[in-house]
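Chains, contacts and geometry: an overview
Listed below, chain by chain, are the residues.
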Amino acid sequence: MYSEKVMDHFNNPRNVGEIENASGVGTVGNAKCGDIMRIYLDIDDNQIIRDCKFKTFGCGAAVATSSMATELVKGKSIKEAMEVTNKAVMEALDGLPPVKVHCSLLAEEAIHAALWDYAEKNHITIEGLSKPKSDIHEGEEAEEEEY
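Not measured: the values here are computed from a predicted model.

**Topic: the pairing of strand β3 (residues 49-57)**
Pairing of strand β2 (residues 35-43) with β3, which is carried by eight bridges, proceeds in the antiparallel orientation. Within β3, the position partnered with Leu41 by the bridge is Cys52. Hairpin connection of β2 to β3: five residues between the antiparallel strands, including Gln47 at a positive phi of 60°.

**Remarks on the pattern of salt bridges**
Using the criterion set out here, one finds eight salt bridges in the structure. Notably, a salt bridge pairs Asp8 with Arg14, separated by 2.6 Å at the nearest N-O pair. For Asp8, a relative accessible area of 30% gives the class partly exposed. Two residues, Lys121 and Asp117, come together in a salt bridge whose shortest N-O distance is 3.2 Å. Of this pair, Lys121 and Asp117 both sit in helix α5 (residues 101-122), four residues apart, which is roughly one turn of the helix. Judged by its relative accessible area of 21%, Asp117 is partly exposed. Beyond isolated ion pairs, a larger network of salt bridges with shared partners links Asp51, Lys53 and Lys74.

**Details of the UniProt feature "domain: NIF system FeS cluster assembly NifU N-terminal" (unreviewed entry) in the chain**
Per the UniProt record, "domain: NIF system FeS cluster assembly NifU N-terminal" (unreviewed entry) is annotated on residues 1-123. The straight-line gap between the two end C-alpha atoms of residues 1-123 is 44 Å; of that span, 46% is helix and 20% is strand.

**Thoughts on the nonpolar core**
Ile39, Leu41, Ile43, Ile49, Val73, Leu115 and Ile126 are the most contacted members of the largest nonpolar core, which has 37 residues in total. Those elements giving two or more residues to this core turn out to be β2, β3, α2 (60-73), α3 (78-82), α4 (86-92) and α5. A per-element tally of this core places α5 first, with ten residues.

**Here we look at the packing of helix α1 (residues 4-11) against α2**
At a minimum axis distance of 8 Å, the contact between α1 and α2 shows a crossing angle of 90°. In terms of axis orientation, α1 runs roughly perpendicular to α2. On the side of α1, the interface is formed by Val6, His9 and Phe10, while α2 contributes Gly60, Val63, Ala64, Ser67, Met68 and Glu71. A per-class count over the contact of α1 with α2 returns five nonpolar, three polar and one charged.

What counts, and where the lines are drawn
- Residues numbered from 1 in each chain as written.
- Predicted model: local features only at pLDDT ≥ 70, side-chain atom pairs only at ≥ 80, totals over all residues.
- Heavy atoms only, no water.
- Pairing = 2+ DSSP bridges.
- Helix = DSSP H or I, 4+ residues; strand = E, 2+ residues; numbered from the N terminus.
- Salt bridge = Lys/Arg side-chain N within 4 Å of Asp/Glu carboxyl O.
- Buried < 20%, exposed > 50% of the residue type's maximum accessible area, 1.4 Å probe, protein only.
- UniProt positions renumbered as here; feature names shortened; annotations may be inferred.
- Core = buried A, V, L, I, M, F, W, Y, C linked by side-chain atoms within 4.5 Å.
- Axes fitted to C-alpha atoms, helices over the stretch in contact; angles between N-to-C directions.
- Parallel < 35°, antiparallel > 145°, perpendicular 65-115°, else oblique.
- Contact = heavy atoms within 4.5 Å.
- Nonpolar A, V, L, I, M, F, W, Y, C, P; charged D, E, K, R; others polar.

Below you can see the structure in the form of structure tokens.
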């Protein structure tokens, strides 16, 4: 069901923890499954991500996508980090089961939320970045409950 890379990043997650006085912190959640992901970025004066850490409350796929996302943005410029999509995270993990694709979307949104926080703190605009949603399903039509 899960690739070896997903299992490796779940069993041995990279970059777990917090960054004190982080340049940017982004927290996103998915109300439907209960996953919560927080990404911390340390960005230098040249807008290079020196360090990236995460804390995730969720399933194994959420932990694995958080871990891989931090690996993909560490050492990158802000512009390069903006190019890390949920598809890139999934490909780096050799795929996810269809029911877990939302975890990779959460990772992408958490990176964007942390970059948004950095931009707000530094009074800058990052091209292509929009205000993050607190829930990745925000703005979707409410599903009708059947009785």
